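Structural overview for review
Here's the letter readout for the chains.
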Amino acid sequence: MFESHQKEVFRMTQGIRSVAVLGCGQMGTGIAQCIARDARRNVFLHDSDQKQLVRALQKLNAWAELQVSRNKWTEEEAGTFLKRIIAAGSLKDVDQTDFVIEATVEDFQEKSKLFKTTCEFLKDKPEVIIATNTSSLSITRLAETTDRPSRFCGMHFFNPVPVMKVVELVRGAQSTQETVETTASMAQIMGKSVAFVQDSPGFVSNRLLMPYINEAALAVHEGLASVADIDHIMREGCRMPMGPLELADFIGLDTCLAIMRTLGELGETKFAVAPSIVELVKERKLGKKTGQGFYAYTPDSIEYPLGHR
Ligand SMILES: NC(=O)c1ccc[n+]([C@@H]2O[C@H](COP(=O)([O-])OP(=O)(O)OC[C@H]3O[C@@H](n4cnc5c(N)ncnc54)[C@H](O)[C@@H]3O)[C@@H](O)[C@H]2O)c1
């Protein structure tokens with residue numbers, strides 16, 4: 001049974017030799033790492049901000065070096081891993097790939113603009129699946145902004161990608177069974193298990209997680225306790241691995257705010273966003289990635305480990 005499933009995963013993914021990752025912030029970098037490390041495929045990294053691209057390559061290099069210095073990999077293994085990672089000269093290079101994973105900002109207009117251009121470059125490759133790592137946006141509506149709604153679906157990874165083992169797989173109204181199965185197989189060769197969820201704001205994870213984070217931010221706003229004490233209570237009293245506010249900083253407050261606004265589409269007043277989150281985002285205090293959010297971070301604490309074997 002297990003063997004026949006493995007064979008099927010192999011069959012679904014054998015034609016996929018190169019994967020494009022669009023957007024290489026914290027999620028895109030982690031996704032690229034799993035494609036090169038676990039799926040053993042080439043990965044084309046693209047970002048509209050050259051600095052982010054350089055930063056992603058530096059992180060992946062540093063991670064490979066760490067594997068060697070800890071005797072987990074030989075120099076040759078590290079070299080093979082790094083050879084699979086290619087900085088795309090431009091978005092046009094997407095035409096050299098067989099599968100696309102989008103991980104740019106959580107903004108419907110931005111993502112749909114990017115899909116439009118991506119599809120122009122992919123016009124001779126209608127078979128290529130586009131998967132989006134959106135945390136909350138409608139897969140069906142995003143699919144409609146592409147030229148291939150049947151070959152589009154949601155592939156929601158968790159942060160940090162190389163460490164977290166599950167992917168929420170979200171089918172759009174027009175996604176075919178083959179699209180879903182191929183994407184699920186891709187997730188599996190990247191070392192992830194798959195949970196199938198309906199296309200609804202925030203899917204399952206963020207529908208449950210964001211109200212919790214928002215409530216913690218409201219508690220700060222109301223002066224119920226300090227940021228550190230709220231996190232301490234939830235870590236030590238409720239056995240959460242991270243407190244809600246450090247988790248919000250880790251995710252990125254801009255991403256949290258965007259997700260919460262999408263949850264507002266559910267029409268429930270319980271999703272009214274805490275003023276402290278809106279204020280921090282206005283001040284570009286986006287959490288760990290900018291060095292300041294609910295907490296302040298020193299420059300060397302901004303980098304997080306990308307997963308150790
Ligand atoms: N942060 C999390 O915990 C988390 C978890 C799961 C899913 N996500 C989702 O993943 C996506 C990315 O989140 P992130 O945390 O990596 O954000 P991030 O801010 O770290 O990175 C976003 C990257 O996208 C790039 N970008 C923006 N517009 C672009 C464009 N038009 N073309 C190419 N690149 C572009 C930015 O330069 C940046 O490097 C979002 O949709 C988010 O909701 C985030």
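For the structure, see preceding data.
Residues numbered from 1 in each chain as written. Predicted model: local features only at pLDDT ≥ 70, side-chain atom pairs only at ≥ 80, totals over all residues. Heavy atoms only, no water.

1. Let's talk about empty space enclosed by the protein
Under the counting rule described, the total for this entry stands at two cavities of 30 Å³ or more. A volume near 40 Å³ is recorded for the largest cavity. No other element matches the three residues that strand β1 (residues 18-22) contributes to the lining of the largest cavity. Its residues assigned to classes, the lining of the largest cavity comprises seven nonpolar, two polar and one charged. Size it by volume and the second largest cavity reaches roughly 30 Å³. Taken together, Thr 140, Ala 143, Pro 149, Phe 152, Gly 172, Ala 173, Gln 174 and Ser 175 form the lining of the second largest cavity. A class-by-class count of the residues in the lining of the second largest cavity yields four nonpolar, four polar and no charged. (1 Å grid on protein atoms, 1.4 Å probe; cavity = no way out; pocket = protein on both sides within 12 Å on 5 of 7 lines; lining within 4 Å. Points joined across faces, edges and corners; volume = space filled by probe spheres on them. Helix = DSSP H or I, 4+ residues; strand = E, 2+ residues; numbered from the N terminus. Nonpolar A, V, L, I, M, F, W, Y, C, P; charged D, E, K, R; others polar.)

2. Quick look at the site of the ligand
The environment of the ligand is formed by 24 residues, the closest being Asp 47, Gln 52, Glu 106, Lys 111 and Ser 135. Contacts to the ligand include Glu 106, whose side-chain N or O atom sits 2.6 Å from an oxygen atom. In the environment of the ligand, an oxygen atom lies 2.9 Å from a nitrogen or oxygen atom belonging to the side chain of Lys 289. In the complex, the protein chains occlude 89% of the 830 Å² of accessible area that the ligand would expose alone. (Near = heavy atom within 4 Å. Polar contact = N/O pair within 3.5 Å; in protein donor to acceptor, adjacent residues only side chain to side chain. Areas by Shrake-Rupley, 256 points an atom, 1.4 Å probe, with all protein chains shown as cover.)

3. A few points about the packing of helix α8 (residues 205-221) against helix α12 (residues 275-282)
Where α8 meets α12, the closest approach of the two axes is 7 Å, and the angle between their N-to-C directions is 90°. Our classification of the angle between α8 and α12 gives roughly perpendicular. Along the contact surface, α8 presents Ile 213, Asn 214, Ala 217, Leu 218 and His 221, while α12 presents Pro 275, Ser 276 and Ile 277. For the contact of α8 with α12, the class distribution of residues is five nonpolar, three polar and no charged. (Axes fitted to C-alpha atoms, helices over the stretch in contact; angles between N-to-C directions. Parallel < 35°, antiparallel > 145°, perpendicular 65-115°, else oblique. Contact = heavy atoms within 4.5 Å.)

4. Some points on the packing of aromatic side chains
Under the defined criterion, the tally for this structure stands at four aromatic pairs. Summarising the aromatic geometry, the rings of Phe 115 and Phe 152 are spaced 5.2 Å apart at their centres and angled 90° between planes, so their arrangement reads as edge-to-face. Note that Phe 115 is positioned in helix α5 (residues 108-121) and Phe 152 in strand β6 (residues 152-156), a separation of 37 residues in sequence. Per residue, the accessibility class of Phe 115 equals that of Phe 152, and both read buried. Members of the aromatic cluster, connected to one another through ring pairs, are Trp 63, Trp 73 and Phe 81. (Phe/Tyr/Trp six-rings, centres within 6.5 Å; stacked < 30°, edge-to-face > 60°. Buried < 20%, exposed > 50% of the residue type's maximum accessible area, 1.4 Å probe, protein only.)

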